[in-house]
Amino acid sequence: MPDRVEAFLSTIEEQEVVEAIRLAEKNTSGEIRVHIENTFKDDIENRALEVFSVLKMHNTKLQNGVLIYIAVQDRAFAIYGDKGIHEVVATNFWNDTKTTIANHFKSGHFKQGLVDGILHAGEQLKKHFPISDSDQNELANEISKS
């Protein structure tokens with residue numbers, strides 16, 4: 001992995017990740033965000049939860065927001081799903097998505113890992129949170145950074 005947020009994805013790659021979020025959300029009321037930062041302290045799951053809160057992702061109507069959190073220097077990532085998701089899925093729900101992302105990351109294909117992971121997450125969310133006629137995009141699709 002690159003050791004800086006700025007080097008993780010090019011501008012074009014970022015646009016492709018945002019497009020993957022848009023495509024994934026076309027079939028689900030779930031909301032997907034990506035956050036990239038250099039490093040974290042303590043536990044990655046706790047940091048992902050903290051970022052989830054800072055981004056106000058818990059404000060979705062069905063509590064079905066998903067955060068893919070990446071710490072570039074630490075070469076680590078986590079997926080955090082809101083309460084509404086955890087109430088209806090098995091504890092290993094994100095394992096396939098994590099594996100998809102990790103396999104690409106190991107090969108240095110960061111953009112493709114995110115795109116495939118996001119699309120996979122969208123497919124999984126569609127089963128439990130299908131899109132409705134009244135659905136609206138509750139969270140920004142842009143990649144956040146700190």
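A quick note: this is a predicted structure, and the numbers were derived from the prediction, not measured. (Residues numbered from 1 in each chain as written. Predicted model: local features only at pLDDT ≥ 70, side-chain atom pairs only at ≥ 80, totals over all residues. Heavy atoms only, no water.)

Concerning the packing of aromatic side chains
Inference 1: In this structure the tally under the stated criterion is 6 aromatic pairs.
Inference 2: Aromatic pair F52 and Y80: ring centres 4.8 Å apart, planes at 70 degrees, arrangement edge-to-face. With F52 in helix α3 (residues 44-54) and Y80 in strand β3 (residues 76-81), the pair connects residues that are 28 residues apart, well separated along the chain. (Phe/Tyr/Trp six-rings, centres within 6.5 Å; stacked < 30°, edge-to-face > 60°. Helix = DSSP H or I, 4+ residues; strand = E, 2+ residues; numbered from the N terminus.)

Side note on the sheet that holds strand β2 (residues 65-71)
Inference 1: Sheet architecture is open: 4 strands sit in the order β3-β2-β1-β4, paired in mixed fashion. Each having just a single partner strand, β3 and β4 (144-145) make up the two edges of the open sheet.
Inference 2: Where strand β1 (residues 31-37) lies against β2, 7 bridges are found, and the strand directions are parallel. Looking across to β2, one finds that R33 is bridged to L67.
Inference 3: Here helix α2 (residues 11-25) sits on the sheet and contacts β1 and β4; the angle it forms with β1, its principal contact strand, is near 155 degrees. (Pairing = 2+ DSSP bridges. Contact = heavy atoms within 4.5 Å. Axes fitted to C-alpha atoms, helices over the stretch in contact; angles between N-to-C directions.)

Thoughts on the environment of G113
Inference 1: Here G113 lies in helix α6 (residues 110-128).
Inference 2: As for G113 and A140, which are separated by 27 residues in sequence, their C-alpha atoms are 20 Å apart.
Inference 3: Excluding residues that lie within four positions of it along the chain, G113 makes contacts with I101, H104 and F105.

A few points about α2
Inference 1: Taking 1.5 Å per residue as the helical rise, α2 with its 15 residues ought to reach 21 Å, and the 21 Å between its terminal C-alpha atoms agrees with that figure.
Inference 2: Burial in α2 covers these residues: E14, V17, A20, I21, A24 and E25. Buried residues in α2, looked at end-on, bunch into an arc of 125 degrees, giving them a common side. For α2, the exposed residues set more than 90 degrees away from the buried face come down to T11, I12 and Q15. (Expected span 1.5 Å × (residues − 1). Buried < 20%, exposed > 50% of the residue type's maximum accessible area, 1.4 Å probe, protein only. Arc of directions from axis to C-beta.)

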